[in-house]
Amino acid sequence: MSPRPPTMREKRRYLLARIDPAGAVPEQKDLYYAISEAVTTLWGDGVAAMVVPAVVALEDGHVVIRYRRGADRELMIALSTVTAVREMKIALRPIAISGTIASLRLRIKKSKPAVPKNADPGDPGESGEPGEVPEVTFAGKKFMALQCEGKKVNLIEKGFKNTNRLFLTSEDMEES
Amino acid sequence: MKITDACVCPYPIGDSSVKRFALEARELGFDSIVAVDAPSGGFEGTEIIGGVFIRDRTAREVINHVKKARDKGGVISVLAGDNGFNRAVIGVKGVHILRGIHTADKKAFDHVTAKMAADNGVAVDLDLSPLIAGRSIPRQRAIHRYQDILMFAGRFGFPVTISSCARSVLEMRSVREITGLCTLLGMDEPDVEHALNGIGRVMEPHYSAVRVIE
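Conventions used here
- Per chain, the residues get numbers from 1 upward, laid out in the order the sequence is written.
- Numbering of ligands from 1 and lettering of chains from A proceed in the order in which they are written.
- Under the rules for a predicted model, residues below a pLDDT of 70 receive no local features and side-chain atom pairs below 80 are neither given nor counted, while totals for whole chains, interfaces and linings still include all residues.
- Excluded from the side-chain calculations are hydrogens and water; all other atoms, namely the structure's heavy atoms, are used.
- Throughout, an axis means a line fitted to C-alpha atoms (over the contacting stretch in the case of helices), and angles, computed between N-to-C directions, take values from 0 to 180 degrees.
- Secondary structure elements follow DSSP: runs of H or I of four or more residues count as helices, runs of E of two or more count as strands, with numbering from the N terminus.
- Oblique is the label for any angle not under 35 degrees, not over 145, and not in the 65 to 115 range, which are roughly parallel, roughly antiparallel and roughly perpendicular in turn.
- Take the far helix as the reference: if the near one is turned anticlockwise from it by less than a right angle, the crossing is left-handed, and if turned clockwise, right-handed.
- Two residues form a contact once any of their heavy atoms are found within 4.5 Å.
- Under the scheme applied here, ten amino acids are nonpolar (Ala, Val, Leu, Ile, Met, Phe, Trp, Tyr, Cys and Pro), four are charged (Asp, Glu, Lys and Arg), and all others, including Gly, are polar.
- Should DSSP find at least two bridges between two strands, the strands are regarded as paired.
- The definition of a nonpolar core used throughout is a set of buried Ala, Val, Leu, Ile, Met, Phe, Trp, Tyr and Cys residues joined through side-chain atoms within 4.5 Å.
- Only protein chains enter the accessibility calculation, which uses a 1.4 Å probe; a residue whose area is less than 20% of its type maximum is buried, one above 50% is exposed, and one in between is partly exposed.

**Some details on the packing of helix α7 (residues 175–182) of chain B against helix α8 (residues 189–196) of chain B**
Residue and element names in this part refer to chain B. Contact geometry of α7 with α8 gives a least axis separation of 10 Å together with a crossing angle of 120 degrees. When the axes of α7 and α8 are compared, the pair comes out oblique. For the element pair α7 and α8, the recorded crossing hand is right-handed. Touching V175, I178, T179 and C182 of α7 are E189, V192 and L196, all from α8. Each residue belonging to the contact of α7 with α8 can be placed in one class, and the counts come to five nonpolar, one polar and one charged.

Laid out in structure tokens, this is it:
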């Protein structure tokens, strides 16, 4: 079957969104289900069929979502109702809309790194040693401290399931 | 005009410190935030307004709490109850905001309460958390109730505030996202801007609806 000529194809747009918190890396499929559920529950099946959201790329703490041109408002509002992927709490912060994925990839490169430098403690650094994440005690509990952009510090509680996070600043850490 | 998130709940209620909330608020386009049980101040260019949130109390207890909180300054807000409670609370001097109207009874806020709110300069808060995190019937009820409140606000002219009631920075939304969500309630961009400035209106010295001119 020959491909459709460009003028007869569906017009699409791509939306770039940052995934918060820094260091959270959901599965692409799970993220698609979360976005699709958000669009469907808010607008219903009729509008969801018109928006046709799809997750086409997930890289460097950012997600690229494809949708039908003209459905910007519906998709943006629905994205603000995405609060979790499976049991992982996240927020999607829309950054830009473009007609090509390539231009959004350029935006990802230009933007500040969404993933903190010490996000993966098991990742071997240049020296070949596993990356070290500073351990801190806050409010009587032990946490791993992830230094994010600027003064932001994310703490992940140490334990059987590392799900509890605290969002602080470097000044909070100095005061504690 | 100050763009304010009318309620955030920092650590230990939530999982984010008040300074982190201030940092995120600046990135999301806010000038100030009202932080529950936090001292007033500022951080990195964002104004932090301390707030007191009185909930699950009788009208008499609310009066006592407001008397104590009034001297400290900041925004005093009360969780809405039934119609009689709301009318009593709106009449208490020092109360700035009536919150949680979406969880109250269907008849909890009527035209008489709306008129009283306008006369006393008490704002009604639109908490966006049921729109963001809620699904199906609770979200539909919240949208319906807020549309009703906005109809009264248009007619009687009491202030309206918008809050995320975020317990985490992940629950905060940008001004643009809030504008989008408020279109579900029938608000347009100037309405949303006006509501985001609602804290400024309730914190100003109050002038009654009727002024006697000698």
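Once the structure has been displayed, the description carries forward.
**So, the sheet that holds strand β1 (residues 12–20) of chain A**
All names here are of chain A. Across the sheet, four strands lie side by side as β2-β3-β1-β6; this open sheet has antiparallel pairing. On the outer flanks of this sheet lie β2 (54–59) and β6 (91–98), each paired with one strand and no other. Each strand axis lies, on average, 25 degrees off the axis of its neighbour in the sheet, ignoring direction. The strands touched by helix α2 (residues 72–79) within the sheet are β1, β3 (62–68) and β6, with β3 carrying the most contacts at an inclination of about 140 degrees.

**A short note on the sheet that holds strand β9 (residues 152–157) of chain A**
All names here are of chain A. Strand order in the open sheet made by the four strands is β7-β8-β9-β10, with antiparallel pairing throughout. Looking at which strands have only one partner, the edges of the open sheet turn out to be β7 (135–138) and β10 (165–169). Ignoring which end each strand starts from, the neighbouring axes of this sheet average 40 degrees apart. Of the strand pairs in this sheet, β7 and strand β8 (residues 141–147) are connected by four bridges, and their pairing is antiparallel.

**So, the nonpolar core**
Grouped burial of nonpolar side chains is what soluble globular proteins tend to show. Ranked by size, the top nonpolar core spans 91 residues in total, and within it I35(A), L92(A), F109(B), F158(B), I162(B), L185(B) and M187(B) carry the most contacts. At eight residues, helix α1 (residues 28–51) of chain A tops the list of elements feeding residues into this core. Contact partners of M187(B), with chain neighbours within four places excluded, come to L126(B), L150(B), I162(B), C182(B), V192(B) and A195(B).

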